[in-house]
Structures are given as C-alpha cells and as structure tokens.
Amino acid sequence: MPTSNLYDTQSLRERDAAHHWHPFTDTKELGANSRVIVGGEGVWIEDSEGNRILDGMAGLWCTQVGHGRREIADAVYAQMTKLAYYNTFFKTTHPPVLELAEKVASLAPPHMNRVFFTGSGSESNDTVIRMVRRYWDLKGKPHKKTIIARRNGYHGSTVGGASLGGMTPMHGQGDLPIPGIVHIAQPYWFGEGGDLSPAEFGLKAARALEAAIDAFGADRIAAFIAEPVQGAGGVIIPPETYWPEIARICRERDILLVVDEVICGFGRLGEWFGSVHFGVEPDLMPIAKGLSSGYLPIGGVVVSDRVADVVIGEGGEFYHGYTYSGHPAACAAALANLAIIEREKLVDRVRDDIGPYLQARWRALGEHPLVGEARMIGLMGALELVPEKTGRAVRFNAPLGDVGALCRDFAFANGLVMRGVRDSMIISPPLVISHDEADELVARARLTLDATHAELKR
Ligand code: PLP
C-alpha cells in the first residue's frame, strides 16, 4: 500500500470540494470533508492519513478478489500495449471479448449461451428493457411491453435502471419511472411480514406478481425483474418459498424472468450466480461488478437460448450497443479476475467455508440490544437496528435522525466500512476475506454498535 504521509489531506479535500460532484451524496453538505482513499490490498483500504480500514463492502459490492491484485493490472497492461481500444460494433471482434463471452457462457446455466456486453450494471438493465420488448415484438405480441419490478429494488441510475428500481427518492428526481414499468411488493419478511411465517409471507409476496399480471392481463406484461437478494434495498433475503413461486408464475403466464445478478453474480451467494442458489432459470441475467471485481468498468446481459433464438435468430440487426461494449482492456481485467476466482476456488469457499463461518458470527450480533435482526446469506449481510426488540422492524423516531448514517460514521472511525441503508447496516466483504479478518470485521462491528448505542442513549 502507498505511504500515506505523502498526502496533504486537507488540500485534497478542498480541491475535491471545489469541483467534484459526488454520486449519491449531498455534495454541498459534505463540503471539504470527503474521505480520501489512496490504497488497497486484500480486504483493506488505506486513507490519506494512514488509517487502515477493513473494506466490509468490497467497494460497492464488487471487489470479489480483494484490492491490489497485481495479475489483473498486468493483464490489463499487456492488453493495452497490444490493443487498448477497439469497438465490437458491426462486424468486428477481438480475442479478449470473444474469450470473455465464451468464459461467461461456460459459467452460466446451460440454457444461457450469449452475452451482450455493456459498461455497467445500469447499462445492462437498460439493455434488458430493449431486449425483452424486442423479443415480444418479434414473437408477434407487441402489446407485451410492461415490465414488473419491485418496490425498494435497485437496478441502476440510468433512466431505465432507475425506473426499474423501486427507490422512491430516485423516482422523485426526474419524473420516473418511465411509462410501462410497475412495482410490486418486496419479500421483506422482517419489515412487512406481519403475523405470517416466513414461508407464508414468501408465497404472499410472490403472489403479488400473479395478482399484478392478472390485473393488467398477461398479454400486456413482458417481464418480471428482481435481484436474487435485494442488495441496496438492505440485503432483503427472500423466504425460501419465494423464488420457486415466482418461477412458476412467470412460466405459467408466459412472462420473461430477468434476474439481476449485478451483486449476486460471481460468487457472492456461494454459487456462480444467485439464481443457481435459488434454483431458478432466468431468461436474462444482467451482470457487472464481480465480473471484473470492479478493476475496470464492464457489465453485460447473459441471454438464454429462448431469447437469443428469437432476437438474434429472427430479428436481424439489434439497434443497440455502447462504445465500450466489450472494451478490450476491461475484458482482459474480467478474464484475469475470473481466473483468480476459479483458481482460488472462491465460490466454493463462500458456500462451504468462509460463508458459514462469518454468518455464524454475524448472526450472534443479533443479541446486541440495538439489533433487531442479524441476517446473512453467502457473504452479504445486514444488521437491522431497532429502538426496541419486538421481533420485527421498528423505526427510530425523530429526533434521533438517520441512525444508519450515524452508525456508518462510527464504523469508519472504528476502521470498518459498513453501508447504512435507513436503519440497517450492510456488509458484503471481498470473497477472499480470511477467518481472522472475518473475526476482526465482527469485532469492529460490535464496537460500532456499542458506540452507536451509547450515542443514542445520550
Ligand atoms: N443492479 C444492481 C442489483 C445493483 O446493485 C447495481 C449497483 O449497485 C446496479 C444494477 C447498477 O450497476 P452500476 O452501478 O454498475 O450501473
């Protein structure tokens, strides 16, 4: 990691404040107070003041192989010295893009054999909207246009991605969603399950899809899109009854099933894809993040034979693509990243070793007086903070304010990156996290909870 005393933190903060508009941030309120991150190695990042911080979020749920992997940098360097950029439009291809398409198809379920590359998860989801509508047009059902998504889901920040997402603050800025997208309930048992058991509630939440399809008419619904586990919504883990019922409904009503694997893909749940963990067969899978561990931006849509046979097989030219679709250097980064995941058996490790290890210790945090539920699946988890323990989500009332943000700041001060989502604290560490580091993560999370609890009682 770099030697951080080389940095003049205050000057960097002031320059940042002068010109940089931060995503998902009140940039004015932030002022010259940003955290300046200057290095990363394994699960650790380092700030400009020399603090080593455990990156409990793997960046933004993406650095599966951890920070500072030299071989990815070397692969990118080698590719850039050969061919730094070329496009894949019209009739051109290049070795990294065809190798990556081949690799992703080999990792995907057997019925999915095509990959359309994009630059991000948001672009992947915009691509999905166009692909599903094109599919139904070609099938002679042009009225099948509406896409059903979920409240509190997240599918990106482009106009299409934010419309598919069910985040009302995002919808409030820019007149979203666009027409033809509707949202149904999320399978959030701890918050919305009422008196139902998780199994009963899972069925109820899934049947909201059936009710929506029947209300609109299946002849008008093109697809249903959901994350296997809602990430940015607060690591909402669906009850086991949920996904099989969703799959049944899509099948019986002839609705395409889009499973957004941007977070859950590439090992996060202990399978290559979250849909494999839940035993469902998607028609389309948007991917990004863990595809390259975030080393360079790249995303894509993995497409089933059912859709490809129609849209490619019968559709002629698909008027869609990005300058950076299949960017050679990004493909090289992704190939090197996937090689590490395979060689180090990180997917198996999450399923059989570090996943169960961290889950047990994380769930034990549920005994803390501030925690209503401590849940975790694979290597993604949440602590729901509550003012009183009732066995269900309870919101903090004003004037306590944003408890998640308070706790997130205490976490950082304790050398741990956790994300605050309303009153939940989220983790999604790199898949390479060791047992000792997992213990350290939990110890720091506990200190953070204690500090937050003490502050709330003041
Ligand atoms: N889909 C999901 C499930 C995500 O979590 C995200 C980002 O967090 C996206 C899509 C958007 O990806 P990107 O930020 O790469 O555009």
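In every chain, residue numbers begin from 1 and rise along the written sequence. Totals for whole chains, interfaces and linings use every residue, but because this is a predicted model, local features are given only for residues with pLDDT of at least 70 and side-chain atom pairs only at 80 or more, for both listing and counting.

**Points about helix α14 (residues 328–343)**
Inference 1: Each helix corresponds to a stretch of at least 4 residues labelled H or I by DSSP, and each strand to a stretch of at least 2 residues labelled E; elements are numbered beginning at the N terminus. A helix is expected to span 1.5 Å multiplied by its residue count minus one. An ideal rise of 1.5 Å per residue puts 22 Å on 16 residues; α14 measures up with 22 Å between its terminal C-alpha atoms.
Inference 2: Burial is judged by counting other C-beta atoms within 10 Å of a residue's own C-beta: 20 or more means buried, 12 or fewer means exposed, and anything between counts as partly exposed, with every C-beta placed from the backbone. Residues of α14 that are buried include every one of Pro328, Ala329, Ala330, Cys331, Ala332, Ala333, Ala334, Leu335, Ala336, Asn337, Leu338 and Ile341, and no others.
Inference 3: We call two residues in contact if the C-beta atoms placed from their backbones are at most 7 Å apart. At its buried positions, α14 is contacted by α4 (70–83), α5 (95–107) and α15 (346–352).

**Side note on the domain arrangement of the chain**
Inference 1: Here the bounds of each domain stem from an automatic or database domain assignment. Taken domain by domain, the chain consists of domain 1 (4–65 + 347–457) and domain 2 (71–343).
Inference 2: Computed over C-alpha atoms, the centres of domain 1 and domain 2 are 26 Å apart.
Inference 3: Counting residues at the interface gives 27 residues for domain 1 and 23 residues for domain 2.
Inference 4: For the side of domain 1 that touches domain 2, the elements supplying multiple residues, two or more each, are α3 (58–61), α15, β11 (371–377), β12 (380–385) and β14 (424–427).
Inference 5: In terms of residue count, the dominant contributor to the side of domain 1 that touches domain 2 is β12 (four residues).
Inference 6: Looking at the side of domain 1 that touches domain 2, its residues break down into 13 nonpolar, eight polar and six charged. Here the nonpolar group is Ala, Val, Leu, Ile, Met, Phe, Trp, Tyr, Cys and Pro; Asp, Glu, Lys and Arg are the charged ones; every other residue, Gly included, is treated as polar.

**Topic: the site of the ligand**
Inference 1: As a rule, any residue with its backbone-derived C-beta atom within 6 Å of a molecule or strand is reported as near that molecule or strand. Neighbouring the ligand are 17 residues; Ser120, Gly121, Ser122, Gly156 and Val262 lie closest to it.
Inference 2: Ranked by residues supplied to the shell around the ligand, first place goes to helix α6 (residues 121–138) with three residues.
Inference 3: In terms of residue class, the shell around the ligand is built from six nonpolar, nine polar and two charged.

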